[in-house]
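# A look at the structure
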Amino acid sequence: MLGLLGLSPGLFALFVVFGFMVGVFFGFFGMGGSFLVTPALLILGYPAPVAIGSSMTFVFGTAVIATLKHHDSGQVDYRLGGLMFVGIALGIEGGSRLVFGLEALGIADAVVGVAYVLVLAAIGLLFTRSALNDDGDEDETDDGDEADESSDDDVPAIARRIQSYDIPPMMTLADGQQASLWTISGVSAAVGVISGFLGVGGGFVRMPAIYYVIGTSLAAAVGTSLFTGLLSGGVGAFTYGRAGVIDLGIVTALLVGSALGARIGSGATAYVNEDDVTIYFGVMLLVASAAVALGEGARWLSMPVLDQVSFVLLVGSALFVCSIILYHGALAVRRERGPSSV
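Residues numbered from 1 in each chain as written. Predicted model: local features only at pLDDT ≥ 70, side-chain atom pairs only at ≥ 80, totals over all residues. Heavy atoms only, no water.

We now examine the confidence of the model for the protein chain. Averaged over all residues, the pLDDT of the protein chain equals 77, while 85% of them reach at least 70. Taken element by element, the protein chain is modelled with least confidence in helix 7 (residues 145–153), mean pLDDT 43, and with most confidence in helix 5 (residues 78–105), mean pLDDT 84. Across residues 141–153, confidence stays below pLDDT 50; counting only partners more than four residues off in sequence or on other chains, it has 5 contacts. (pLDDT = per-residue confidence, 0-100. Helix = DSSP H or I, 4+ residues; strand = E, 2+ residues; numbered from the N terminus. Contact = heavy atoms within 4.5 Å.)

Moving on, we come to the side chain of T228. In this structure, T228 sits in helix 11 (residues 218–242). Of the polar contacts made by the side chain of T228, one reaches the backbone oxygen of S225; its length is 3.0 Å. If near-sequence neighbours (up to four positions away) are discounted, T228 is found in contact with G81, M84, I88 and R206. (Polar contact = N/O pair within 3.5 Å; in protein donor to acceptor, adjacent residues only side chain to side chain.)

On to a nonpolar patch on the surface. A grouping of W300, L301, M303, V305, V309 and L313 is seen on the molecular surface, where their side chains present a nonpolar patch of about 580 Å² in accessible area. Where the nonpolar patch is concerned, the elements lending two or more residues are helix 13 (275–301) and helix 14 (304–340). The biggest single contributor to the nonpolar patch is helix 14, with 3 residues. Take V309: it is sitting in helix 14. A residue is classified by how much of its surface remains accessible, and V309, at 39% relative accessible area, is partly exposed. (Patch = residues over 30% accessible without salt bridge, like charges linked within 9 Å, V, L, I, M, F, W, Y side chains within 5 Å. Areas by Shrake-Rupley, 256 points an atom, 1.4 Å probe, with all protein chains shown as cover. Salt bridge = Lys/Arg side-chain N within 4 Å of Asp/Glu carboxyl O. Buried < 20%, exposed > 50% of the residue type's maximum accessible area, 1.4 Å probe, protein only.)

The final tally for this structure, using the stated rule, is 2 salt bridges. For E93, the salt bridge goes to R97, with nearest N and O atoms at 3.1 Å. Pair noted here: E93 and R97 are both in helix 5, with a separation of 4 residues, about one helical turn. The exposure class assigned to E93 is partly exposed, which follows from its relative accessible area of 25%. In this structure R97 comes out as exposed when scored by relative accessible area, which is 60%.

Under the defined criterion, the tally for this structure stands at 2 aromatic pairs. Taking 4.8 Å as the distance between ring centres and 75 degrees as the angle between the ring planes, the aromatic pair formed by Y78 and F227 counts as edge-to-face. Pair noted here: Y78 is in helix 5 and F227 is in helix 11, with a separation of 149 residues, a long-range link. The class of F227 is buried, set by a relative accessible area of 15%. Both rings, one in F100 and one in Y240, keep their centres 5.4 Å apart while their planes meet at 45 degrees; by these two values the pair is tilted. Of this pair, F100 sits in helix 5 while Y240 is found in helix 11, placing the two residues 140 residues apart along the sequence. (Phe/Tyr/Trp six-rings, centres within 6.5 Å; stacked < 30°, edge-to-face > 60°.)

Below is the structure:
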């Protein structure tokens, strides 16, 4: 069977494990589905269109699994997700055409790699800084479980300021907040271009954009991000599938692992405070940025050892953060079940 998929047993197992870790991130954060997959495939020597197309197809499959879990908890704003889909679809088409144009010039791998380094570093810094600031605020305002729950559901100040500018037409979100369709369209188009160009579901940009710019509750931002990831992943898979650059063996192996990981990650959101692990996620993005930079350096300097170091950093950082989520989840479940078992 593995012969039919075009993968050796060792490579198949590697992609299954990697898919599990990415599935955990996707289910827990509503992001992280493919920003690790595409650079990993580039480091392993796959052409940029194959890496991007396979990654987008994987995003679609993983998003289906995670969205169903969040749907059960009522955390998906389908109307908002549907509206965002229009801008995302147009953006993906534009981003994918740019990739194929760069491929014709023979510079797609280099440009996509550099773009990954910059985007991952920027988002990683934002996440790390936000987590550190939240830790400082929590020391001053943590008065118990009720305070934690209310702070999780509050719309951030920057989103409230954006919502204060009444630019019609306006839309009522599922949680009662108002947002301009111009804001929603702008966010959607930007995320779509990033998705189509970098081969990502865009969740590590889309979820913060829904939360900080459009202005929904955090839970709704995660669930809606997953739903729009499902839609954008489907469009991306179709776009790259038409070009025949999707490696179904890679996609199958990744989905086998992510099917379990996404369910576990989604379930962990009920037990784990995201603030406990967000800083690790930000650091992982910074490490991933460094890993991609090393991979690019290996190509330019003809030093294969840098490729190996790059891949170890990428997988190792993902394994570490995945372990942190599972560890906090196990502790929370034990605390919850402890008193009832006495």
